[in-house]
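These are the residues of each chain, in order.
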Amino acid sequence: EKARTTDPATANQAGRRLAVLYDKFGDFTRSASEYETQLQLTPNDAELLTDFGYSHYCRGDWANAEATLRR
């Protein structure tokens, strides 16, 4: 989080990594927010969509997991 505020050039990369870290800590509200922000910047990023789909899967949100992974 500090890296994102310290160096704006790394903000996007930091946001992507934070989303995954939030998932690992079970903070799905914050991870979803990070994923949504990143998807606004790069809506067709396959790696990002896969991570977000897996995040939905880990929460048991099967419908959104499938929709995101199909995207």
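Residues numbered from 1 in each chain as written. Predicted model: local features only at pLDDT ≥ 70, side-chain atom pairs only at ≥ 80, totals over all residues. Heavy atoms only, no water.

## Examining the nonpolar core
Selection criterion: We call a set of buried residues a nonpolar core when its members are Ala, Val, Leu, Ile, Met, Phe, Trp, Tyr or Cys and they connect through side-chain atoms within 4.5 Å of each other. Buried means the residue's accessible area, taken with a 1.4 Å probe over protein chains only, is under 20% of the maximum for its type, while exposed means over 50%, and partly exposed covers the values in between. Runs of H or I in DSSP of at least four residues are treated as helices and runs of E of at least two as strands, each being numbered from the N terminus. Contacts are assigned to residue pairs that have any heavy atoms within 4.5 Å of one another.
Counting seven residues, the largest nonpolar core is built from A19, A32, Y35, L39, L48, L49 and F52. Those elements giving two or more residues to this core turn out to be α3 (28-41) and α4 (46-59). If we skip the residues at most four places from it in the chain, L49 touches L39, P43, N44, T68, L69 and R71.

## Things to note about the packing of aromatic side chains
Aromatic ring pairs are described here by two measures, namely the spacing of the ring centres and the angle between the planes. In plain terms, the rule: In this analysis, rings of Phe, Tyr and Trp, with Trp reduced to its six-membered ring, are considered paired at centre separations within 6.5 Å, and the interplanar angle assigns stacked below 30 degrees, edge-to-face beyond 60, and tilted for intermediate values.
Using the criterion set out here, one finds three aromatic pairs in the structure. Consider the rings of Y35 and F52, whose centres lie 4.7 Å apart with planes at 25°: the pair is stacked. With Y35 in helix α3 and F52 in helix α4, this pair connects stretches of sequence that are 17 residues apart. F52 carries the same exposure label as Y35, and that label is buried. On the basis of an interplanar angle of 20° and a centroid distance of 5.9 Å, the ring pair of Y54 and Y57 is categorised as stacked. Within this pair, Y54 and its partner Y57 are both found in helix α4, separated by three residues, close to a single helical turn. Through successive ring pairs, a cluster of aromatic residues spans Y54, Y57 and W62.

## Some words on the packing of helix α2 (residues 11-24) against α4
Stated formally: Note on geometry: axes are lines fitted to C-alpha atoms, helical ones only across the stretch in contact, with angles between N-to-C directions running from 0 to 180 degrees. Working rule for angles: under 35 degrees goes down as roughly parallel, over 145 as roughly antiparallel, 65 to 115 as roughly perpendicular, anything else as oblique. Two helices that cross are described as forming a left-handed crossing if the nearer one is turned anticlockwise from the farther one by less than a right angle, and a right-handed crossing if clockwise. Residue type decides the class: Asp, Glu, Lys and Arg count as charged, Ala, Val, Leu, Ile, Met, Phe, Trp, Tyr, Cys and Pro as nonpolar, and the leftover types, Gly among them, as polar.
Between α2 and α4, the least distance of the axes is 11 Å, while the angle of their chain directions is 20°. Overall, the two elements α2 and α4 adopt an arrangement that is roughly parallel. For the crossing formed where α2 meets α4, the hand is left-handed. Packed against α2, whose contacting residues are R16, R17, V20 and D23, the element α4 presents E47, L48, D51 and S55 at the interface. Split by residue class, the contact of α2 with α4 holds two nonpolar, one polar and five charged.

## Considering the confidence of the model for the chain
Rules: Each residue gets a pLDDT score, which is the predictor's confidence in that residue and runs from 0 to 100.
Per-residue pLDDT for the chain has a mean of 92; in total, 100% of the residues score no lower than 70. Across the chain, helix α5 (residues 62-70) holds the top mean pLDDT of 96, while helix α1 (residues 2-6) sits lowest at 82.

## Regarding the packing of α4 against α5
Their axes nearest at 7 Å, the elements α4 and α5 cross at an angle of 170°. With respect to α5, the axis of α4 lies roughly antiparallel. Taken as a pair, α4 and α5 cross one another with a handedness that is left-handed. Facing α4, whose interface residues are L49, T50, F52, G53, Y54, H56 and Y57, α5 presents W62, N64, A65, T68 and L69. Within the contact of α4 with α5, the residues separate by chemical class into seven nonpolar, five polar and no charged.

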